[in-house]
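Breakdown of the fold
Residue-level listing of the chains:
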Amino acid sequence: MDLALMAAFVTVGLWASAFVGIRDAGHHIGPGALSLGRVFVATIALGALAIARREQLPPRSDLPRIAFVGLLWLGAYNVLLNAAERHVDAGTAAMLVNVAPVFIAVLAGMVLGEGFPRTLFTGCAVAFFGVILIGIATSAHGLDSATGALLCIAAAAAYAIAVVVQKPLLERSSGLIVTTLASAVAAVACLPFAPSLAHDVGQAPTSAVMWMIYLGLFPTAIGFTTWAYALKRTSAGRMGAFTYLVPPLAVLLGWIVLSESPPGLALAGGLLCLFGVALTRRH
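Bear in mind the structure is a predicted one, so any value in this text is a computation, not a measurement.

1. Observations concerning the packing of aromatic side chains
Per the counting criterion, the structure on display carries 11 aromatic pairs. Summarising the aromatic geometry, the rings of Y77 and Y159 are spaced 5.7 Å apart at their centres and angled 65° between planes, so their arrangement reads as edge-to-face. Remark: Y159 occurs in helix α7 (residues 146-169) and Y77 occurs in helix α3 (residues 63-84); sequence separation between them is 82 residues. Comparing Y77 with Y159, the two get one shared label, buried. When the centroid spacing of 6.0 Å and the interplanar angle of 40° are considered together, the rings of F116 and F121 count as tilted. Here a set of aromatic residues connected by ring pairs shows up, and it is made of W15, W73, Y77, Y159, F224 and W227. Looking at R233, its charged tip hangs above the ring of Y229, at a distance of 3.6 Å from the centre.

2. Concerning the state of the cysteines
Under the counting rule described, the total for this entry stands at zero disulfides. Of all cysteine sulfurs in the structure, the one in C152 sits closest to C190, which takes part in no disulfide; the separation is 18 Å. Looking at C273, it has no disulfide partner, and the nearest cysteine sulfur is the one in C124, 11 Å off. Judged by its relative accessible area of 0%, C273 is buried.

3. Overview of the environment of A84
Note on placement: A84 falls in helix α3. Separated by 67 residues in sequence, A84 and L151 have C-alpha atoms that sit 5.2 Å apart. Ignoring any residue separated from it by four or fewer positions in sequence, one finds A84 in contact with G148, L151 and C152.

4. Digging into the nonpolar core
In terms of nonpolar packing, the biggest core is built from 67 residues, with W15, W73, Y77, Y159, V163, W227 and L231 touching the most fellow members. With 11 residues, the single largest contributor to this core is α7. In this structure, L231 is in contact with V163, Q166, K167, L170, A236 and M239, ignoring residues within four places of it in sequence. The next biggest cluster of nonpolar side chains, apart from the first, holds 13 residues, and it includes A18, A25, L34 and V209.

Rules of the game
- Residues numbered from 1 in each chain as written.
- Predicted model: local features only at pLDDT ≥ 70, side-chain atom pairs only at ≥ 80, totals over all residues.
- Heavy atoms only, no water.
- Phe/Tyr/Trp six-rings, centres within 6.5 Å; stacked < 30°, edge-to-face > 60°.
- Helix = DSSP H or I, 4+ residues; strand = E, 2+ residues; numbered from the N terminus.
- Buried < 20%, exposed > 50% of the residue type's maximum accessible area, 1.4 Å probe, protein only.
- Lys NZ or Arg CZ within 6 Å of the ring centre and 35° of its normal.
- Disulfide = S-S within 2.5 Å.
- Contact = heavy atoms within 4.5 Å.
- Core = buried A, V, L, I, M, F, W, Y, C linked by side-chain atoms within 4.5 Å.

Below, the structure is given as structure tokens:
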């Protein structure tokens, strides 16, 4: 297995584990405060590593685009998704947000010149149908809010645009420094949530605070860095499609860690996700 594929597996595994952490910490720490806590911890960890490695700063002309990636993905995406989950449940939100890989494939074909490979779009369609099954199986109330749906689609669009903007930046800079700077921008953008973070952390049990630190160190700091490493070495469309592994892994981890027994329909959806992602890897 090549290093880029290993990095991609690390990313989806860590991003799937984030759903478990958010469900636990989210009972005690508000959505905005949790977002700030995550990116703050990630920025400290990544900044220390970047300094220790004496990472070279990106070209000055790339800095506005790195800031845009930080605002759009590490900032706006999280805020939009947190807001959406006030209107729709997590299963429905995951189903809607997972139109993002399709957006990425289309944008990458148009903007990055990656074309429109038939196997990529066929695999995306199969995997997306699997996500729909998982969403239906794990949805408590179904889709009953147009506001929630629009917020989910907006989050997916923010994620997709950020990935397409990020891809060319990685040709000139390391994934570590790009992720570090993007995380720092997101932390600054989330500073309005600082009073809430201070209050919630003061009231929260130790387990919730530890989950917040975990989310910052692993799904954010490591997960986004391994994502950048893999994205630099493959197409944006195929990397986007790879994230269809996140929903079935999240269901599996919820089963193992939180004893949330998945419905049979969710397991069937997970198998479709695996098959769809396998199709996208064919050339």
